[in-house]
Amino acid sequence: MNRLDKLSYRQRVAVLIGLLLLGMAGLLLVDPIPQDPAYHQFADTRSWLGIPNFFNVVSNLGFAVVGVFGLVTLICKPSLFHIPGDARPYLVFFTGVTLIGLGSAFYHWSPSNESLLWDRFPMSVAFMALAAAIVADRIHRRAGNGWLLVLLVSLGIGSLLYWYVTELQGRGDLRLYAFVQFYPVVMLLAIIWLFPDSRYTVGRYIAWVFVWYGLAKLLEHNDAAVFSLLGETVSGHTLKHLAAAGSALVVLRMLQAGAGRQGISRLC
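Residues numbered from 1 in each chain as written. Predicted model: local features only at pLDDT ≥ 70, side-chain atom pairs only at ≥ 80, totals over all residues. Heavy atoms only, no water.

Novice: Explain the overall build of the chain to me, using residue names and the numbers behind them.
Specialist: Assigned secondary structure in the chain consists of 11 helices and zero strands. For the chain, the N- to C-terminal ordering of α and β elements is α-α-α-α-α-α-α-α-α-α-α. Since a compact globule built from 268 residues should have a radius of gyration of about 18 Å, the 19 Å found for the chain is in line with a globular shape. By its C-alpha atoms, the chain is 55 × 50 × 30 Å across when sized along the principal axes. Within the chain, contacts between residues at least 6 apart in sequence are counted, and of these 77% link residues at least 24 apart. Counting every atom, the chain has about 13500 Å² of accessible surface; 70% of that belongs to carbon and sulfur. (Helix = DSSP H or I, 4+ residues; strand = E, 2+ residues; numbered from the N terminus. Rg over C-alpha atoms; globule rule 2.2 N^0.38 Å. Contact = heavy atoms within 4.5 Å. Areas by Shrake-Rupley, 256 points an atom, 1.4 Å probe, with all protein chains shown as cover.)

This is the structure:
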């Protein structure tokens, strides 16, 4: 028996609560983070067919395709889930992914803080829905599929409203949004470690979700360098959209693989 086996359910939950409180305490020690105006300056600003920033706009089609495909699959194949309610956070997740395609395209058409708000709204919904799905699968089904899903999505949206209002007041503060976007990664890794049993959220698939999303952030950070390296054919930010859409596609593949592994009918 290893040390993890000696921890009770309550002790494991207490570890997660402790990590959450530690993260929130650390958040208070960080100075307010305003939105950097340089964020809106992308390497590839080429227009085509009357569409400004063409490649950064149209590359968001990947989100829309994956999101719609995911929604259609979940609706058409309810047998992917043991209990119908288990589909709820994934329906919210793929709705968020679909709307990322619209919101991000809108932002890249005319980059500004105002349009960025509509890019980040669906992103926060997708992040929080996936976190709720993992909680539902590994810790507490009713919480993750119910009140916690509502709470997390509300927290994600609230973090953006807080940022936007503070920007309008001339004291922009992205701390809460940064916490909502990045701290769940730490929590999800801890959840997977502390609660290894799962029906849907298989560890190796979640790892690939993180790999693709990490690649997306790396491409985003090196937007201009990638654009230069590839002979100014495609930028890092354009490829970032495709990598992030790939991350969402892994979630769908995980659900489909889980259905096959557990003998659940996949006929529509």
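Novice: Which residues make up the pattern of salt bridges, and what values go with them?
Specialist: Applying the stated criterion to the full structure yields six salt bridges. Arg46 is the partner of Asp44 in a salt bridge, and the nearest nitrogen-oxygen pair spans 2.8 Å. We classify Arg46 as partly exposed; its relative accessible area is 34%. With a closest N to O distance of 3.0 Å, Arg141 and Asp86 form a salt bridge. Pair noted here: Arg141 is in helix H6 (residues 141–145) and Asp86 is in the loop between helix H3 (61–76) and helix H4 (88–109), with a separation of 55 residues, a long-range link. (Salt bridge = Lys/Arg side-chain N within 4 Å of Asp/Glu carboxyl O. Buried < 20%, exposed > 50% of the residue type's maximum accessible area, 1.4 Å probe, protein only.)

Novice: Can you break down the packing of aromatic side chains residue by residue, with the values?
Specialist: Across all of its chains, the model carries 13 aromatic pairs by this definition. Both rings, one in Phe127 and one in Tyr213, keep their centres 5.6 Å apart while their planes meet at 80°; by these two values the pair is edge-to-face. Of this pair, Phe127 sits in helix H5 (residues 113–138) while Tyr213 sits in helix H9 (residues 203–221), placing them 86 residues apart in sequence. Residue classification places Tyr213 among the buried positions, given a relative accessible area of 18%. The positively charged end of Arg120 is found above the aromatic ring belonging to Tyr39, 5.5 Å away from the centroid. Over the ring of Trp163 we find Arg120; its NZ or CZ atom is 5.1 Å from the centre of that ring. (Phe/Tyr/Trp six-rings, centres within 6.5 Å; stacked < 30°, edge-to-face > 60°. Lys NZ or Arg CZ within 6 Å of the ring centre and 35° of its normal.)

Note that every value here comes from positions in space, so none of it alone points to a role or purpose.
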